[in-house]
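Commentary on secondary and tertiary structure
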Amino acid sequence: MSKFSTIRIKELLEKSDAAKLPDHKGAALEELGRYLFGKMKGLELYAQNKFNKSGSRELDIIYKNDRRISELHFLDGFIPIECKNTAKKTTSEQVNWFANKVSDTTARYGILLSLSGVTGKDETEAAKSEITRAVGKLGVGLLVLTRAEILQLSSTCDLADLLERKFHALCLEEKIEFEFE
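Residues numbered from 1 in each chain as written. Predicted model: local features only at pLDDT ≥ 70, side-chain atom pairs only at ≥ 80, totals over all residues. Heavy atoms only, no water.

Because each turn of an α-helix spans 3.6 residues, side chains separated by three or four positions in sequence point in the same direction. Over its 13 residues, helix α4 (residues 126-138) runs 17 Å from end to end, which matches the ideal 18 Å to within 8%, given 1.5 Å per residue. Where α4 is concerned, the buried positions are Ala 127, Lys 128, Glu 130, Ile 131 and Ala 134. Against the buried residues of α4 lie α3 (92-103), β5 (141-145) and α6 (156-171). Looking one or two places after α4, you find Gly 139, whose phi comes out positive at around 70°. (Helix = DSSP H or I, 4+ residues; strand = E, 2+ residues; numbered from the N terminus. Expected span 1.5 Å × (residues − 1). Buried < 20%, exposed > 50% of the residue type's maximum accessible area, 1.4 Å probe, protein only. Contact = heavy atoms within 4.5 Å.)

This part covers the nonpolar core. Counting 49 residues, the largest nonpolar core has Leu 36, Phe 37, Leu 72 and Ile 111 as its most contacted members. It is α6 that contributes the most residues to this core, 6 residues altogether. Excluding residues within four positions of it along the chain, Phe 37 makes contact with Leu 43, Tyr 63, Leu 72, Ile 81, Ile 111, Leu 113, Leu 145, Leu 159 and Leu 163. (Core = buried A, V, L, I, M, F, W, Y, C linked by side-chain atoms within 4.5 Å.)

What follows concerns the pattern of salt bridges. According to the stated counting rule, one finds 11 salt bridges in the structure shown. The residue Arg 68 makes a salt bridge to Asp 66 at a minimum N-O spacing of 2.8 Å. Salt-bridge contacts for Glu 130 lead to Arg 133; the nearest nitrogen and oxygen are separated by 3.0 Å. You can see Glu 130 and its partner Arg 133 sitting in helix α4, 3 residues apart, about one turn around the helix. (Salt bridge = Lys/Arg side-chain N within 4 Å of Asp/Glu carboxyl O.)

Right, dumping it as structure tokens:
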């Protein structure tokens with residue numbers, strides 16, 4: 001277990017929020033993603049801003065996950081991460097797009113860093129329904145991390161526990177649990 005610097009997390013969030021262009025916001029949020037996941041035991045940065053062969057789809061961050069020693073042992077050998085820092089919640093179209101990108105890989109689970117959360121009041125509405133649909137139709141599970149959740153993290157153990165709870169809710173209980181702001 002490694003400790004997170006709450007000061008560093010807040011600095012990276014502020015950097016992402018202050019950026020004027022969407023690409024710069026995304027790049028700063030990717031830096032936060034690399035900070036959080038880069039401290040986790042068993043994870044190694046595999047690629048960032050990686051395009052598929054046709055160049056039509058890009059994955060923001062991909063981690064190689066050594067499940068033998070990983071704090072995220074319950075996830076696949078590769079973990080794609082999508083970063084969204086928008087003023088509005090991530091939409092069903094954006095969730096569907098990420099789910100399709102994940103399904104094009106060998107991964108069965110992806111992580112969506114969506115600082116504003118995703119649209120919908122429950123798992124039958126909007127973006128949340130796309131997450132449910134992705135499990136059934138694509139065989140892909142998406143674990144969403146929000147700004148509020150990130151700000152509560154003090155260690156890699158906290159992050160692993162949060163993601164494992166979301167993993168169990170998505171896969172075992174066949175429902176999605178989200179925090180609403």
